[in-house]
Amino acid sequence: MQNKIKNKAQQLTQNQELKKVLMSMKPEKTLWGILGIILFFILPEVITFIWGNDITKYAKEGLVLTTSVFDEQYYNMLVMLFGEGISWLNIIIGFVLLIWLFF
C-alpha cells in the first residue's frame, strides 16, 4: 500500500500537465495579487481576532431592534461572519498562497 502511494506521488510530481495547471493557478507577482491574498484571506481574520466580539455584540443588539427584513439579514450575516471566531484554515491558506506567490 505504501509503495502504491509512493508510486502515485512520484507520478504526480513528474506529470507535466499537472505542473502547467498549478502554474496557471498561481497568483501573479503584482501589487493586486499580493493585496488580493491579504484582503480576502488574512485581513478578515485579523479583524475577527481584534473586533469580533464587539461586532457580534453590536449585531445581536441590532437584531432585537430591527424593523425590516434587510436589516435582519444584515445583522444575521454579521453574526455568522464574526461570531464563530478565527478561521485558522483561512489564515493558513492565505500564508501558503503568499509563500507560493514568492517562489
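Residues numbered from 1 in each chain as written. Predicted model: local features only at pLDDT ≥ 70, side-chain atom pairs only at ≥ 80, totals over all residues. Heavy atoms only, no water.

J.: Would you mind showing me how to read the environment of Phe82 here?
T.: Structurally, Phe82 can be placed in helix α4 (residues 69-82). Along the backbone, Phe82 and Asp54 are 28 residues apart, and their C-alpha atoms lie at a distance of 9.2 Å. Residue contacts for Phe82: discarding those within four places in its chain leaves Pro44, Ile47, Thr48, Gly52, Ile55 and Thr56. (Helix = DSSP H or I, 4+ residues; strand = E, 2+ residues; numbered from the N terminus. Contact = heavy atoms within 4.5 Å.)

J.: Looking at this structure, I do not really get α4. What am I missing?
T.: In an α-helix, one turn spans 3.6 residues, which is why side chains three or four residues apart end up on the same side. Taking 1.5 Å per residue, 14 residues should reach 20 Å; α4 reaches 20 Å between its end C-alpha atoms and fits that length. Among the residues of α4, Tyr75, Leu78 and Phe82 are the ones counted as buried. Angular distribution of buried residues about the axis of α4 spans 55 degrees; they occupy a single face of the element. Seen from the buried face of α4, the exposed residues on the opposite side, beyond 90 degrees, are Val69, Phe70 and Met80. (Expected span 1.5 Å × (residues − 1). Buried < 20%, exposed > 50% of the residue type's maximum accessible area, 1.4 Å probe, protein only. Arc of directions from axis to C-beta.)

J.: Explain the packing of aromatic side chains here, please?
T.: To describe a pair of aromatic rings, you give the distance between the ring centres and the angle between the ring planes. Considering all chains together, one arrives at two aromatic pairs under this definition. Their ring planes at 75 degrees and their centres at 5.7 Å tell us that Tyr58 and Tyr75 sit as a pair that is edge-to-face. With Tyr58 in helix α3 (residues 31-65) and Tyr75 in helix α4, the pair connects residues that are 17 residues apart, well separated along the chain. Classification of Tyr58 by relative accessible area gives partly exposed; the value is 42%. The structure contains a cluster of three or more aromatic residues connected by ring pairs, namely Tyr58, Tyr74 and Tyr75. (Phe/Tyr/Trp six-rings, centres within 6.5 Å; stacked < 30°, edge-to-face > 60°.)

J.: Looking at this structure, I do not really get a nonpolar patch on the surface. What am I missing?
T.: The grouping of Leu31, Trp32, Leu35, Ile38, Leu39, Phe40, Leu43, Val46, Phe49, Ile50 and Trp51 at the surface amounts to a nonpolar patch, some 1200 Å² of accessible area in total. Assignment of secondary structure puts Trp51 in helix α3. (Patch = residues over 30% accessible without salt bridge, like charges linked within 9 Å, V, L, I, M, F, W, Y side chains within 5 Å. Areas by Shrake-Rupley, 256 points an atom, 1.4 Å probe, with all protein chains shown as cover. Salt bridge = Lys/Arg side-chain N within 4 Å of Asp/Glu carboxyl O.)

J.: What's the story with the packing of α3 against helix α5 (residues 88-102) in this structure? I'm lost.
T.: Describing two packed helices takes the angle between their axes plus the distance from one axis to the other. Packing of α3 against α5 leaves a shortest axis separation of 8 Å and a crossing angle of 160 degrees. Judged by the inter-axis angle, α3 sits roughly antiparallel to α5. Judged by the sense of rotation from one axis to the other, the crossing of α3 with α5 is left-handed. The residues of α5 that touch α3, namely those facing Ile34, Ile37, Ile38, Phe41, Ile42 and Glu45, are Asn90, Ile91, Ile93, Gly94, Phe95, Leu97, Leu98, Leu101 and Phe102. (Axes fitted to C-alpha atoms, helices over the stretch in contact; angles between N-to-C directions. Parallel < 35°, antiparallel > 145°, perpendicular 65-115°, else oblique. Left-handed = near helix turned anticlockwise from the far one by under 90°.)

Keep in mind that these numbers describe shape and distance, not what the molecule does.
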